[in-house]
Amino acid sequence: MAIWTGFLCLFTYIFMRDGGFRQYDPAVEWAILGLFWLFGLGGCSYFFGTPRFRMTVVNGQVTVNERWLLRRSTETFSLKVMADPVVIRDKDSEGDPYFRCRAITPSGRRIIVSESNDEETVRNACQRLSDAIGRRPRSGSDRDEAG
C-alpha cells in the first residue's frame, strides 16, 4: 500500500503540474484520479488498520504483541491460563473449505495464528503452537463458537 500511495502521489503531482494528461475531457481525468485516490485511501485504511500479531512463548509465559501503524499493544500471561488453540472449519466466499487456527488470550482477544484453504498447513501451524504451550489443538466450526 505504501508503494501504491507513493505512485499515486507521484502521478497526482505530474497531473497537477501538467494540467492533466490531455487524453480525455478534464472532468473525466479528474474523476479517474479521484477514483484512484478513493480506492487508495480505502486500501490504506484497511491495510494499515489491520493489526499484526506476534506471539512468543518463553519460560511458561506467553507474550502477544499487537501492532498497528501508529500504536502497539502487549499482553503477557501464564501458559496455564491460555485457552487451547482451535482449528476452525468454515467456508470461504466461494463455498470452498477454509481453515483457521485461533488462539484466545485471557483478556478475550482472538488471534488468528494461521489461515488457509489448505487444512494441513493450518493444522501444522496449530500443532506447532500446541507443542510450544504443551496442549493438544481442538477442532471446531465457527457455527459452534458463540460470540
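To keep things clear, this report deals only with the structure shown in the data block.

Definitions and cut-offs
The residue numbers shown here count from 1 along each chain, following its written sequence. With pLDDT at 70 or above as the cut-off, local features in this predicted model cover only qualifying residues; side-chain atom pairs require 80 or more to be listed or tallied, and sums for whole chains, interfaces and linings still use all residues. To get the side-chain values, all heavy atoms of the structure are used, and hydrogens and water are removed first. The nonpolar core is taken to be a set of buried Ala, Val, Leu, Ile, Met, Phe, Trp, Tyr and Cys residues, with the residues joined through side-chain atoms within 4.5 Å. Only protein chains enter the accessibility calculation, which uses a 1.4 Å probe; a residue is then buried when its area is under 20% of its type maximum, exposed when over 50%, and partly exposed in between. Each helix is a run of DSSP H or I of at least 4 residues and each strand a run of E of at least 2, with the numbering of both proceeding from the N terminus. The criterion used for residue contact is that any of the two residues' heavy atoms lie within 4.5 Å. Paired strands, in this sense, are two strands between which DSSP finds at least two bridges. A 1.4 Å probe that fits but cannot get out identifies a cavity on a 1 Å grid over protein atoms alone, an open set with protein on both sides within 12 Å along at least five of seven lines counts as a pocket, and a residue lines either if it has an atom within 4 Å of a point. Grid points are joined across faces, edges and corners, and a volume is the space filled by probe spheres set on the points. Under the scheme applied here, ten amino acids are nonpolar (Ala, Val, Leu, Ile, Met, Phe, Trp, Tyr, Cys and Pro), four are charged (Asp, Glu, Lys and Arg), and all others, including Gly, are polar. For the purposes of this analysis, a disulfide is any pair of cysteine sulfur atoms at a distance within 2.5 Å. By definition, no residue in a patch forms a salt bridge, and every one has over 30% relative accessible area; like charges are joined within 9 Å, nonpolar side chains (Val, Leu, Ile, Met, Phe, Trp, Tyr) within 5 Å. Computed with the Shrake-Rupley method and a 1.4 Å probe, the accessible areas treat only the protein chains shown as cover for residues. We count a salt bridge whenever a side-chain nitrogen from Lys or Arg sits within 4 Å of a carboxyl oxygen from Asp or Glu.

1. Topic: the nonpolar core
If you look at the biggest cluster of nonpolar residues, it comprises 9 residues: Val62, Val64, Phe77, Leu79, Met82, Ala103, Ile111, Leu129 and Ile133. Within the residue set of this core, elements represented by two or more residues are strand S2 (61–67) and helix H3 (119–133). Excluding residues that lie within four positions of it along the chain, alanine 103 makes contacts with Met55, Met82, Arg109, Arg110, Ile111, Val113 and Leu129. In this structure, Phe99, Cys101, Val122 and Cys126 belong to the second largest nonpolar core, which totals 5 residues.

2. Here's the deal with the side chain of threonine 12
Tracing the sequence through the fold places threonine 12 in helix H1 (residues 2–18). If near-sequence neighbours (up to four positions away) are discounted, threonine 12 is found in contact with Leu33 and Trp37.

3. A closer look at the pairing of strand S5 (residues 97–104)
Burial analysis of S5 places 6 of its 8 residues in the buried class, the great majority of the element. Relative to S5, strand S4 (residues 86–91) runs antiparallel, the two sharing 6 bridges. In the sheet register, valine 86 faces S5, and the bridge partner there is arginine 102. Counted between consecutive antiparallel strands, the loop separating S4 from S5 contains 5 residues, among which glycine 95 sits at a positive phi close to 90 degrees. Bridging between S5 and strand S6 (residues 110–116) involves 6 bridges; their strand directions are antiparallel. In the strand pairing of S6, arginine 100 is matched with glutamate 115. With antiparallel pairing between neighbouring strands as the criterion, S5 and S6 make up a hairpin whose turn holds 5 residues, including glycine 108 at a positive phi of roughly 95 degrees.

4. Here's the deal with the layout of surface pockets
Estimates place the volume of the largest pocket at around 240 Å³. In terms of lining, the largest pocket is formed by Trp4, Phe7, Leu8, Phe11, Phe15, Phe21, Gln23, Tyr24, Glu29, Ile32, Leu33 and Phe36. Of all the secondary structure elements, the ones that give two or more residues to the lining of the largest pocket are H1 and helix H2 (26–49). For the lining of the largest pocket, the residue count by class is 10 nonpolar, 1 polar and 1 charged.

5. Points about the state of the cysteines
For the coordinates displayed, the defined rule picks out 0 disulfides. No disulfide involves cysteine 9; its sulfur sits 8.9 Å from the nearest other cysteine sulfur, which is in cysteine 44. Of the residues examined, cysteine 9 reaches a relative accessible area of 40% and is grouped as partly exposed.

6. With respect to a nonpolar patch on the surface
Residues Met1, Trp4, Tyr24, Val28, Ile32, Phe36, Tyr46 and Phe47 make up a contiguous nonpolar surface patch of roughly 810 Å² in combined accessible area. If you trace the backbone, methionine 1 turns up in the segment before H1. On the basis of relative accessibility, which here comes to 30%, the residue methionine 1 falls in the partly exposed class.

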